[in-house]
Each structure stands twice: as C-alpha cells, then as structure tokens.
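Structure at a glance
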Amino acid sequence: MTIQWFPGHMTRAKRQIQEKLKLIDIAIELLDARVPLSSRNPMVDDILQGKPRLIVLNKSDLADPRATEQWMAYFAHEGHECVAVDSSTGTRVNEIPIKAKEILHEKIAKQIAKGMNPRAVRGLIVGIPNVGKSTLINRLAGRNIAATGDKPGVTKGQQWIKVGTEMELLDTPGILWPKFEDQLVGYRLAMTGAIREQILNIDDIAFFAVRELAGRYWKVLKERYELDNAPSDPEDNEQIVQVMEDIGRKRGCLMGGGRVDLEKASGIILRDLRAGKLGRITLEAPYDDMPAREV
Ligand code: G4P
C-alpha cells in the first residue's frame, strides 16, 4: 500500500516513533538491501534521537551479495552494527536479537553489576512502507501479528511480542517516509515495488529501470531477454527505448503494424525485476568502485 505523505503525516509519524522510543532500548532500522539509500528516511538520525540502533538490510535474497557486503562494511564504518536478512524465509533473522544484545552489552553489564536481573531487550522496528516491517515482525514472532500496510497516524494498543527469551518487540512498527522529493529516489523505490504504479507511470518506471540496468547489469538484461545490441551509451534515452522495444519484440508485445506495445513490455520488465527473475540486483553502491557483477 502506498501512503501519501503530507507534512501533517510526517509530523505525526515522527511523534509516534518518538513516543515509542521511550519504551524501548534499541531501534531496528529496516532498509531494502537493493536500495539502502533510497529506502532510508532522510531524518532518521534526528528522529531516533541517539537511541542505540541496529541496521537491518532486508530483502537481501533479492540483492547483489557483493553489494550487500559493501553496504555492511559501509555501515560498520559509519559506526552502526548491521545485519542482512531475508524476512520472507527467515534467513539470518535470528541474528537480530543476538546483535541487539551485543549493542546493549554495556547497559546489560551495568544492570548485572547492580545485582539486577537483566530484562529482555526491548526493540522497535522502523522503516518506510513496504520495506518488510510486518513480514519481519511476523518472522521474529513466529506467527502472524502485524497487519501489513498500516498507516501513519493510526494508533492501536501497543503490545510486546516475545522473540525468544531475550528480546521483546513492539507489535506495531514505526513508519517512516522516504526522501521522495528526490526523483531518483522515487524511481528506485518504484522499481523495487515500494511505490506503486498509480503514482508513477509504468513506462517511465520501466524506462528508468532499463537505463539503470543497462550499465552495471547489462549482462543480466541480455541473457534474460536474449538481446543482441548493447547500448553504446546507457545515458542515451533513445538507445534505452530501443532496448525496451527489443525486449518487447522478444516477448511478443506487439500491436497493429508491428509496433511494440511498450506498456506491456514495461509490465514484463518490472514484474521480472521485482520477482528477482533478473537475478540479484542492487541499484545503489556505497562506494563508486563497486565491482561489476559477474554473471
Ligand atoms: P511493510 O510492513 O514494511 O509495509 O512491508 P511488508 O512486510 O508488508 O512487506 C512488503 C512486501 O515485501 C511483501 O510482499 C513482503 O512479502 C515482501 N517482503 C518482505 N520481506 C521480504 C524479504 O526479505 N524478501 C523478499 N523477497 N520479500 C520480502 P507483497 O508482494 O507486497 O505481499 P505478499 O505477496 O508477500 O503478500
């Protein structure tokens, strides 16, 4: 579900998270491993007010593993603990409570030194819509808890969910907004399916996707759609439309007069991309020298 973010929504969303911060020991900032920058809220440092934080790169099953490693190193360099998970299958989600305890070890050690029995670590998952918050909460809880697609400004009774014996999570995640004033961010989120087609035109999203992929991931496109002619300049719009038409022709997206039905071709490209059929793809690199993916 796509949320229309207006200034009032943002203020309410921020306030709701800050209310919840009083209840927790650690924030779990969920990002999409394919677009760690675009899926990040621009004000997250300000909103989390210095609360201990674990960064979780979700959907890592769909991301380029080498890029994910680079992102993990990048966040470590920024002073953040980070884990990469796949909430849809549960791969590595068990590292979340372990890492959370590690981050809070000093606080826990102090409680022990005072003779206190340390209670379970309390966490809150925060992230933009569609990043996988509900899926992760359900996965950590081992059952269906969170309703997907909840909205900012809609509150319900807070409950703690037990994650094993050593962690508790608030059942409603904190919903953040993306940096949507940046057009590049909008298109990258649309490519991953975080922003739906009602907001951006499907042909435009697919055009943008092909332009992004024609550079670093050309081999992927070439193999999936059996393309012959690589664009000599992936920044050249006409060449990108040409690639889209080639894909359309290969997939039988033809209209009268042999013209390519670009909207149909666009739908195929986006469905393939979002379902991981083009392979594991990351659209953003923390460093410019990210090596090209070997296919
Ligand atoms: P949200 O609460 O942050 O808004 O996100 P939500 O959990 O609803 O997840 C959004 C979509 O992302 C869902 O797909 C969900 O299955 C998918 N997803 C979440 N985590 C992962 C992951 O680690 N890997 C992959 N591959 N997908 C993930 P959907 O198509 O919107 O719904 P559905 O078809 O699963 O019902």
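Throughout, residues of each chain are indexed from 1 in the direction in which the sequence is written. Only residues with pLDDT of 70 or above have their local features reported here, since the model is predicted, and side-chain atom pairs are shown and tallied only from 80 upward, although totals for entire chains, interfaces and linings are computed over all residues. Hydrogens and water are ignored here; the side-chain numbers use all heavy atoms of the structure.

1. A look at the domain arrangement of the chain
Accessible area lost when the parts come together is the quantity often used to give the size of an interface. Domain ranges listed in this record stem from an automatic or a database domain assignment. As far as domains go, the chain holds domain 1 (9-170) and domain 2 (201-275). Put simply, the middle of domain 1 and the middle of domain 2, counted by C-alpha atoms, are 36 Å apart.

2. Considerations on the site of the ligand
Every one of the 17 residues lining the ligand counts as a neighbour, but Ser87, Asn130, Lys133, Ser134 and Thr135 are closest to it. Under the rule applied, a polar contact is a pair of N or O atoms within 3.5 Å (in protein, one hydrogen donor and one hydrogen acceptor; residues adjacent in sequence only if both atoms are side-chain atoms). Within the contact set of the ligand, an oxygen atom lies 3.3 Å away from a backbone nitrogen or oxygen of Val131. Within the backbone of Gly132, an N or O atom sits 3.0 Å from an oxygen atom of the ligand. Accessible surface is estimated by sampling points in the Shrake-Rupley manner with a 1.4 Å probe; for residues, cover comes only from the protein chains shown. If the ligand stood free it would expose 710 Å²; the protein chains cover 65% of that surface. Think of it this way: one heavy atom of a residue within 4 Å of a molecule or strand is enough to make that residue near it.

3. Observations concerning the packing of helix α8 (residues 202-216) against helix α10 (residues 237-250)
Axis angle and axis distance: for two packed helices, these are the angle between their axes and the distance between the axes, and together they describe the pair. Axis geometry follows a simple rule: fit a line to the C-alpha atoms, using only the stretch in contact for helices, then measure angles between N-to-C directions, giving values from 0 to 180 degrees. Numbering of helices and strands runs from the N terminus, with a helix taken as a DSSP run of H or I at least four residues long and a strand as a DSSP run of E at least two residues long. Close contact between α8 and α10 brings their axes to 10 Å; oriented N to C, the two are set at 105°. Here α8 lies roughly perpendicular to α10, going by the angle between them. Across from Asp203, Ala206, Phe207, Val210, Arg211 and Ala214 in α8, the residues of α10 making contact are Asn237, Ile240, Val241, Val243 and Met244. In terms of residue class, the contact of α8 with α10 is built from eight nonpolar, one polar and two charged. Note on angle classes: values under 35 degrees are labelled roughly parallel, values over 145 roughly antiparallel, values of 65 to 115 roughly perpendicular, and the remainder oblique. We call two residues contacting when some pair of their heavy atoms lies within 4.5 Å. Amino acids outside the nonpolar list (Ala, Val, Leu, Ile, Met, Phe, Trp, Tyr, Cys, Pro) and the charged list (Asp, Glu, Lys, Arg) are all regarded as polar, and Gly is one of them.

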